[in-house]
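Take a look at the letters that make up each chain.
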Amino acid sequence: MTSFFGDVWFRNSDDVVGGGAAPAGGQGFTMSGDEMRGLLKKCQVQRDFIREQFEAARKLSQVAPPGDEPASRHAVNGPNGVNETGRFYEGHLRFQEKYFTELILRLEKALGLTEEADRQAADATKKSGTID
């Protein structure tokens, strides 16, 4: 999958002593940890909402014609019919969900949450005796 953000970087200004230089190449965003956590929460809420919408959209792509006659079949299965529209909307929501997932991962990484979660998982695995 190609990145939605390319070489755009996210930087937590709380981690930068004396302002620090921006990462080389690309453009990006620098914000405080509090601002970043606030944005992260909003993105997570929005992604959850999109996932709920996806379940509703799935029903739109699986509608059965109300009657066994040409007008009903065409309205549901024809070009721009209910099922085609539902599938298009599902695709749009998938795209949005992937966008928010990448944004969330980048914000978590900038906040150091991803590495911390990985470290905790590794520690838990070591404690369970599966890693020497």
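Residues numbered from 1 in each chain as written. Predicted model: local features only at pLDDT ≥ 70, side-chain atom pairs only at ≥ 80, totals over all residues. Heavy atoms only, no water.

Enquirer: Help me out: how do you make sense of the packing of aromatic side chains in this one?
Expert: In this description, a pair of aromatic rings is defined by centroid distance and the angle of the planes. One pass over the structure, following the stated rule, counts six aromatic pairs. With centroids separated by 5.1 Å and ring planes inclined at 40 degrees, the aromatic side chains of Phe-5 and Tyr-99 adopt a geometry described as tilted. Placement of Phe-5 in the segment before strand E1 (9–12) and of Tyr-99 in helix H3 (residues 82–111) is noted, with a sequence separation of 94 residues between them. In this structure Phe-5 comes out as buried when scored by relative accessible area, which is 12%. Each ring, one from Tyr-99 and one from Phe-100, has its centre 5.6 Å from the other, and the planes form 90 degrees; the classification is edge-to-face. One aromatic cluster is present, formed by Phe-4, Phe-5, Phe-10, Phe-29, Phe-95, Tyr-99 and Phe-100 through successive ring pairs. (Phe/Tyr/Trp six-rings, centres within 6.5 Å; stacked < 30°, edge-to-face > 60°. Helix = DSSP H or I, 4+ residues; strand = E, 2+ residues; numbered from the N terminus. Buried < 20%, exposed > 50% of the residue type's maximum accessible area, 1.4 Å probe, protein only.)

Enquirer: Explanation requested: the pattern of salt bridges in the structure shown.
Expert: A side chain with one charge may pair with a side chain of the opposite charge, provided their charged atoms come close. What the rule picks out here adds up to six salt bridges. In this structure, the salt-bridge partner of Arg-37 is Asp-34, at a minimum N-O distance of 3.0 Å. Residue Arg-37 and its partner Asp-34 are located together in helix H1 (residues 33–60), separated by three residues, close to a single helical turn. Classification of Arg-37 by relative accessible area gives partly exposed; the value is 41%. (Salt bridge = Lys/Arg side-chain N within 4 Å of Asp/Glu carboxyl O.)

Enquirer: Is there a simple way to think about the environment of Leu-39 in this case?
Expert: When you line up the elements, Leu-39 lands in helix H1. Taking the C-alpha atoms as reference points, Leu-39 and Ile-104, 65 residues apart in sequence, are found 8.9 Å from one another.

Enquirer: Help me understand the packing of H1 against H3, please; the structure alone is not making it clear to me.
Expert: Helices that pack against each other are described as a pair by the angle of their axes relative to one another and the distance between those axes. Where H1 meets H3, the axes come as close as 8 Å, and the angle between the chain directions of the two elements is 160 degrees. Comparing their axes, H3 and H1 come out roughly antiparallel. Between H1 and H3 lies a crossing whose hand is left-handed. Taken together, the residues of the contact of H1 with H3 sort by class into 17 nonpolar, eight polar and eight charged. (Axes fitted to C-alpha atoms, helices over the stretch in contact; angles between N-to-C directions. Parallel < 35°, antiparallel > 145°, perpendicular 65-115°, else oblique. Left-handed = near helix turned anticlockwise from the far one by under 90°. Nonpolar A, V, L, I, M, F, W, Y, C, P; charged D, E, K, R; others polar.)

Enquirer: Just to check I follow, could you spell out the nonpolar core for this structure?
Expert: Generally speaking, a soluble globular protein has its nonpolar side chains buried in company with each other. Among the nonpolar cores identified, the biggest contains 16 residues, and Phe-10, Met-36, Leu-40, Cys-43, Leu-93, Leu-103 and Leu-107 are the most heavily contacted of them. Broken down by secondary-structure element, the contributors of at least two residues to this core are H1 and H3. Here this core takes seven residues from H3, the largest share from any one element. Residue contacts for Leu-93: discarding those within four places in its chain leaves Ile-50, Gln-53, Phe-54 and Ala-57. (Core = buried A, V, L, I, M, F, W, Y, C linked by side-chain atoms within 4.5 Å. Contact = heavy atoms within 4.5 Å.)

Enquirer: For this particular structure, what's the right way to read a nonpolar patch on the surface?
Expert: On the surface, a nonpolar cluster with roughly 210 Å² of combined accessible area is contributed by Leu-60, Val-82 and Tyr-89. Summarising the element assignment, Val-82 is placed in helix H3. With relative accessibility at 31%, the residue Val-82 sits in the partly exposed group. (Patch = residues over 30% accessible without salt bridge, like charges linked within 9 Å, V, L, I, M, F, W, Y side chains within 5 Å. Areas by Shrake-Rupley, 256 points an atom, 1.4 Å probe, with all protein chains shown as cover.)

Enquirer: I'm lost on H1 in this one. Help?
Expert: Count 3.6 residues to each turn of an α-helix, and residues three or four apart come out pointing the same way. The end-to-end C-alpha distance of H1, which contains 28 residues, comes to 40 Å, matching closely the 40 Å that a straight helix rising 1.5 Å per residue would cover. Within H1, burial applies to Gly-33, Met-36, Leu-40, Cys-43, Arg-47, Ile-50, Phe-54 and Ala-57. (Expected span 1.5 Å × (residues − 1).)

Enquirer: For this particular structure, what's the right way to read the side chain of Ser-72?
Expert: On the secondary structure map, Ser-72 appears in helix H2 (residues 70–77). On the accessibility criterion, Ser-72 (11% relative accessible area) is buried. Ignoring sequence-local partners within four residues, the contact set of Ser-72 consists of Pro-65, Pro-66 and Gly-67.

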